[in-house]
Amino acid sequence: MNPYVLTILLSSLGLGTVLTFASSHWLLAWMGLEINTLAIIPIMAQQHHPRAIEATTKYFLTQATAAAMILFASTTNAWLMGEWEIHQLSHPLATTTVMLALALKLGLAPVHFWLPEVLQGLELTTGLILSTWQKLAPFALMIQVAPTINSSLLIAIGLLSTLVGGWGGLNQTQLRKIMAYSSIAHLGWMVLILQFAPSLTLLSLSLYIIMTSSAFLTLKTNNALTINTLATSWTKSPTLAALAALVLLSLGGLPPLSGFMPKWLILQELTKQGLPLSATLAAMTALLSLYFYLRLCYALTLTIYPNTLTATAPWRLNFTMITLPLSIITILALGLLPLTPAVTAMLAL
């Protein structure tokens with residue numbers, strides 16, 4: 001793609017997200033979401049491959065549906081209650097419709113079916129943008145409307161997402177689909193705690209972005225798209241293979257890695273709020289996710305794959321990629337747990 005065109009598209013992507021962040025009026029927020037969607041469509045379709053075009057079409061239809069639902073809900077609220085402000089969303093029909101529309105935008109269960117299919121058709125860099133940056137604008141709106149939404153609905157969506165995210169990834173061999181189900185599970189944890197501790201949701205989102213970026217950049221460096229290819233990546237860079245296994249365990253939420261922090265704090269907060277059953281169910285669904293992360297770790301570090309691969313021959317060539325972002329993000333994805341006391345003190349302010 002022409003660098004000037006790419007610059008314009010990435011700038012529009014940033015503009016759409018910032019516009020949604022800064023808006024207090026539903027029409028302005030909707031405009032930001034639309035700019036965001038329209039900016040990423042050409043980036044998704046730049047491969048000119050049937051899979052990429054199919055993924056782009058599915059993504060466009062899904063996002064257009066969600067945007068139409070948001071517009072319908074905000075118009076309904078303005079008609080019935082006379083308010084266009086995001087914070088003044090008060091009618092039950094409008095709040096439920098907005099929640100479902102934002103769940104559809106984010107790929108939360110039970111409206112998650114588009115996400116694995118779309119992510120599977122994209123290259124890893126575009127998949128990274130879709131899994132991280134594209135979650136920010138809908139989440140900003142969700143945090144603003146969360147106080148007016150029925151807490152039972154939020155808890156149900158959160159628990160269902162963690163369950164679907166764990167269950168769906170169990171039988172996958174394609175790494176992009178596994179990352180999609182991982183995304184659904186992590187977003188479920190964030191929605192679970194959204195109404196009780198929004199600051200904890202932001203912490204979880206930040207750590208999710210760090211860990212997912214590290215995982216995607218590692219896969220891109222190794223040029224791995226399936227578990228079979230991942231099993232041969234230790235020949236290219238043994239150090240990166242070892243660190244990638246730790247990043248996957250961090251995504252699974254194992255101590256003493258960074259990914260344990262949000263899960264620990266969320267379970268603690270749910271117990272404080274008198275929801276021990278929800279906390280237990282969430283912790284049990286995390287075991288499902290942990291299984292497929294461990295499966296990837298096993299393939300990555302403990303397997304010498306016996307059969308002939310159709311992938312590029314994995315010789316140890318000199319890296320031509322810039323690896324500084326990967327190095328910084330991997331360090332953050334592995335070593336932030338000791339900062340938990342400082343983080344909890346900041347959240348308490």
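As the structure is a computational prediction, the values presented were derived from the model and not from experiment.

Overview of the packing of aromatic side chains
Within a pair of aromatic rings, the relevant descriptors are the distance that separates the centres and the angle that separates the planes.
Thought 1: For the structure on display, the rule yields 3 aromatic pairs.
Thought 2: Summarising the aromatic geometry, the rings of Phe-260 and Trp-264 are spaced 5.7 Å apart at their centres and angled 20° between planes, so their arrangement reads as stacked. Note that Phe-260 and Trp-264 are positioned in helix H13 (residues 260-272) at a spacing of 4 residues, about one turn of the helix.
Thought 3: By relative accessible area, Phe-260 is classed as partly exposed at 25%.
Thought 4: Lying across the ring of Trp-189, Lys-263 places its NZ or CZ 5.3 Å from the centre.

Some words on helix H8 (residues 151-168)
Thought 1: The end-to-end C-alpha distance of H8, which contains 18 residues, comes to 25 Å, matching closely the 26 Å that a straight helix rising 1.5 Å per residue would cover.
Thought 2: Those residues of H8 not exposed but buried are Leu-154, Ile-155, Ile-157, Gly-158, Leu-159, Ser-161, Thr-162, Val-164, Gly-165, Gly-166 and Gly-168.
Thought 3: Buried residues along H8 sit in contact with helix H4 (92-106), helix H9 (175-192) and helix H14 (276-301).
Thought 4: Where H8 starts, the residue carrying a side-chain oxygen 3.1 Å from the main-chain nitrogen of Ser-152 turns out to be Asn-150.

A few points about the side chain of Gln-144
Thought 1: Its place among the elements puts Gln-144 in helix H7 (residues 133-145).
Thought 2: A relative accessible area of 18% places Gln-144 in the buried class.
Thought 3: Sequence-distant contacts of Gln-144, defined by excluding residues within four places in its chain, comprise Ser-23, Ile-86 and His-87.

Examining the domain arrangement of the protein
Thought 1: Under the domain assignment, the protein is made up of domain 1 (1-146) and domain 2 (150-309 + 319-348).
Thought 2: Look at where the C-alpha atoms of domain 1 and domain 2 centre, and you get two points 23 Å apart.
Thought 3: Between domain 1 and domain 2, the residue contacts involve 26 residues of the former and 34 residues of the latter.
Thought 4: In this assembly, domain 1 packs against domain 2 so that about 2,700 Å² is buried in total across both faces, 80% of it on carbon and sulfur atoms.

Considering the pattern of salt bridges
Thought 1: Taken as a whole, this structure holds 2 salt bridges when the rule is applied.
Thought 2: The partner of Glu-54 in a salt bridge is Lys-58, with the nearest N and O atoms 2.8 Å apart. Here Lys-58 and Glu-54 lie together in helix H3 (residues 50-81), a separation of 4 residues that amounts to about one turn.
Thought 3: One salt bridge in this structure joins Glu-117 and Lys-177, with 3.5 Å as the shortest N-O distance.

A few points about the side chain of Thr-201
Thought 1: With respect to the helices and strands, Thr-201 occurs in helix H10 (residues 198-222).
Thought 2: Other than its neighbours up to four places away in sequence, Thr-201 contacts Phe-139, Met-190, Ile-193 and Leu-194.

Observations regarding the UniProt feature "domain: NADH:quinone oxidoreductase/Mrp antiporter transmembrane" (unreviewed entry) in the protein
Thought 1: Residues annotated in UniProt with the feature "domain: NADH:quinone oxidoreductase/Mrp antiporter transmembrane" (unreviewed entry) correspond here to residues 23-288.
Thought 2: Helix makes up 75% of residues 23-288 and strand makes up 0%, while its end C-alpha atoms are separated by 38 Å.

Observations regarding the nonpolar core
Thought 1: Ranked by size, the top nonpolar core spans 70 residues in total, and within it Ile-40, Tyr-59, Val-118, Leu-175 and Met-261 carry the most contacts.
Thought 2: Sort the elements by how many residues they give to this core and H14 lands first, with 9 residues.
Thought 3: No fewer than three residues from each of domain 1 (1-146) and domain 2 (150-309 + 319-348) sit in this core.
Thought 4: Those residues in contact with Leu-175 that lie beyond four places of it in its chain are Leu-219, Ala-224, Leu-225, Thr-226, Ile-227, Leu-230 and Leu-296.
Thought 5: Among the nonpolar cores identified, the runner-up in size contains 31 residues, and Ile-86, Leu-102, Ile-149 and Met-190 belong to it.

Quick word on the packing of H10 against helix H12 (residues 238-252)
Thought 1: With their axes 10 Å apart at the nearest point, H10 and H12 run at an angle of 150° to one another. Judged by the inter-axis angle, H10 sits roughly antiparallel to H12. Here H10 runs over H12; the crossing is left-handed. Seen from H10, the contacting residues are Met-211, Thr-212, Ser-214, Ala-215, Thr-218, Thr-221 and Asn-222; seen from H12, they are Leu-240, Ala-244, Val-247, Ser-250 and Leu-251.
Thought 2: The residue makeup of the contact of H10 with H12, split by class, is 6 nonpolar, 6 polar and no charged.

Comments concerning the packing of H8 against H9
Thought 1: Where H8 meets H9, the axes come as close as 7 Å, and the angle between the chain directions of the two elements is 155°. Overall, the two elements H8 and H9 adopt an arrangement that is roughly antiparallel. The two elements H8 and H9 cross, and the hand of that crossing is left-handed. Contacts between H8 and H9 pair Leu-154, Ile-155, Ile-157, Gly-158, Leu-159, Ser-161, Thr-162, Val-164, Gly-165, Gly-166 and Gly-168 from the former with Tyr-181, Ile-184, Ala-185, Gly-188, Trp-189, Val-191 and Leu-192 from the latter.
Thought 2: Considered class by class, the residues forming the contact of H8 with H9 number 11 nonpolar, 7 polar and no charged.

Rules behind the numbers
- Starting afresh in each chain, residues are numbered from 1 along the sequence in its written order.
- Local features are withheld for residues below a pLDDT of 70 in this predicted model, meaning they are given only at 70 or higher, and side-chain atom pairs are given and counted only at 80 or more; totals for whole chains, interfaces and linings count all residues.
- No hydrogens and no water enter the side-chain calculation; it runs on all heavy atoms of the structure.
- Centre distance within 6.5 Å is the pairing criterion for rings of Phe, Tyr and Trp, where only the six-membered ring of Trp is used; planes under 30 degrees apart are then read as stacked, over 60 as edge-to-face, and the remainder as tilted.
- Think of it this way: any DSSP run of H or I at least four residues long counts as a helix, any run of E at least two long counts as a strand, and we number them from the N terminus.
- To sort residues, take the accessible area from a 1.4 Å probe on protein chains only and compare it with the maximum for the residue type: under 20% means buried, over 50% means exposed, and anything in between is partly exposed.
- We call a charge positioned over a ring when the NZ of a Lys or the CZ of an Arg lies within 6 Å of the ring centre and within 35 degrees of the ring normal.
- What a helix is expected to span follows from its residue count: subtract one and scale by 1.5 Å.
- A contact between two residues is defined here by any heavy atoms of the two lying within 4.5 Å.
- Between N or O atoms, a polar contact is any pair within 3.5 Å; within protein, one atom must be a potential hydrogen donor and the other a potential acceptor, and residues adjacent in sequence are included only when both atoms are from side chains.
- Domain extents, as shown, originate in an automatic or database domain assignment.
- In this description, buried area is defined as the sum, over both parts, of the accessible area (probe of 1.4 Å) that is lost when the two are combined.
- Salt bridge, as applied in this entry: a Lys or Arg side-chain nitrogen positioned within 4 Å of an Asp or Glu carboxyl oxygen.
- UniProt positions are given in the numbering used here, feature names are shortened, and annotations may be inferred rather than shown by experiment.
- Throughout this description, the term nonpolar core refers to a set of buried Ala, Val, Leu, Ile, Met, Phe, Trp, Tyr and Cys residues connected via side-chain atoms within 4.5 Å.
- Note on geometry: axes are C-alpha line fits, over the in-contact stretch for helices, and angles between N-to-C directions span 0 to 180 degrees.
- Each angle is binned into one of four classes, with values under 35 degrees roughly parallel, values over 145 roughly antiparallel, values of 65 to 115 roughly perpendicular, and all other values oblique.
- Working rule for handedness: look at the near helix, and if it is turned counterclockwise from the far one by less than a right angle, call the crossing left-handed; if clockwise, right-handed.
- When residues are sorted by character, Ala, Val, Leu, Ile, Met, Phe, Trp, Tyr, Cys and Pro go into the nonpolar class, Asp, Glu, Lys and Arg into the charged class, and all the rest, Gly among them, into the polar class.

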